[in-house]
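Remarks on the overall topology
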Amino acid sequence: MHSLLDREQKEAGLGVDLSPGFLPQAARMFSCVGCFWVLLSSALVAVCSFSFISPAWIVKEHLKNKDSVSFGLLWHCSESLDHMYRCYTFGGLGKFAEIPSSSWQTSAVLCSGGCALLAVSSLLAIITIFLPSGGCERRICTLAGYMQMAAVVIMGSGLLVYPFGLNSTLVRSFCGDSDIYYAGDCQIGWGYMLAIVGVMLTLFLPFFAKYAPKEQLSPTPLPTLI
């Protein structure tokens, strides 16, 4: 009886096969790897952005009744002995040339470019969640993976260039006899360490992008009842 009804529906152009083995690809469950990839990408964009605007890349604590100071890519802050905290920008929009070192200027360009690239790749990763499995999804995952790989190289280069600015006149006025890759009386702050951790975690994103497409899932066929 059911076979006869199915045949009549197909002849009328109204047949829709809803058997489990023939569900449309869009109805499949999300890939667990893909969801983890999206969450990690979004989290690392937040980490990257937060570390980029952090004023605590180089820090000098209170010493001999002197104010503590800290430097970031775009900011420098000071805290007086009465715990008054003040921050000033020496770079940013319209004031890029005021960044005290060409190495820090280069680092700011590289880190901001890497963060922007990571943000775009994260947006592409989110888009893949709503795409059906197939060639389009696979190509977008591949593109996002390459963008994340490039972001790692760019941001990593920015972090390597930043310590070259420790021999600038402004830094030496606070950190004493500082030099390239030597902070003198200052020390590495939590902002710079957070950026390093973010880049190291971003290194894993291209690997997850490879296995993110939903077509990696192999649906188990249901046994046919005779």
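Reading the values: rules and limits
Residues numbered from 1 in each chain as written. Predicted model: local features only at pLDDT ≥ 70, side-chain atom pairs only at ≥ 80, totals over all residues. Heavy atoms only, no water. Core = buried A, V, L, I, M, F, W, Y, C linked by side-chain atoms within 4.5 Å. Buried < 20%, exposed > 50% of the residue type's maximum accessible area, 1.4 Å probe, protein only. Helix = DSSP H or I, 4+ residues; strand = E, 2+ residues; numbered from the N terminus. Patch = residues over 30% accessible without salt bridge, like charges linked within 9 Å, V, L, I, M, F, W, Y side chains within 5 Å. Areas by Shrake-Rupley, 256 points an atom, 1.4 Å probe, with all protein chains shown as cover. Salt bridge = Lys/Arg side-chain N within 4 Å of Asp/Glu carboxyl O. pLDDT = per-residue confidence, 0-100. Contact = heavy atoms within 4.5 Å. Pairing = 2+ DSSP bridges. Phe/Tyr/Trp six-rings, centres within 6.5 Å; stacked < 30°, edge-to-face > 60°.

Core analysis: the biggest nonpolar cluster contains 43 residues, and Trp37, Trp57, Leu73, Leu118 and Tyr162 have the highest contact counts within it. Put simply, the parts of the chain that give this core at least two residues each are helix H2 (32-53), strand S2 (68-71), helix H3 (102-129), helix H4 (135-161), helix H5 (169-175), helix H6 (190-202) and helix H7 (205-210).

Let us look at a nonpolar patch on the surface. Residues Phe50, Ile53, Trp75 and Trp190 make up a contiguous nonpolar surface patch of about 430 Å² in total accessible area. Within the secondary structure layout, Ile53 lies in helix H2.

Should pLDDT be low for a region, the predicted coordinates there are not to be read in detail. Averaged over every residue, the pLDDT of the chain is 79; residues scoring 70 or more account for 73%. Ranking the elements of the chain by mean pLDDT puts helix H1 (residues 2-11) last, at 49, and H6 first, at 94. Here residues 8-29 scores under 50 on pLDDT; set against residues more than four positions off or in separate chains, the count is 14 contacts. Note on residues 217-226: pLDDT is under 50 here. Beyond four places in sequence and across chains, it has 6 contacts.

Position of Ser68 among the secondary structure elements: in strand S2. For Ser68, a relative accessible area of 8% gives the class buried.

Time to look at the pairing of strand S3 (residues 75-79). Bridge analysis of S2 against S3 gives 4 bridges, and the strand direction is antiparallel. For Phe71, the partnering residue across the bridge sits in S3 and is His76. Between S2 and S3, which follow one another and run antiparallel, lie 3 residues.

Quick look at the packing of aromatic side chains now. Following the criterion strictly, the structure yields 11 aromatic pairs and no others. With 6.1 Å between their ring centres and 55° between their planes, Phe71 and Trp104 make a pair best called tilted. Linking Phe71 in strand S2 with Trp104 in helix H3, this pair joins segments that are 33 residues apart in sequence. By relative accessible area, which is 1% here, Phe71 ends up buried. By relative accessible area, Trp104 is classed as buried at 0%. The structure contains a cluster of three or more aromatic residues connected by ring pairs, namely Trp57, Phe71, Trp104, Tyr162, Phe174 and Tyr192.

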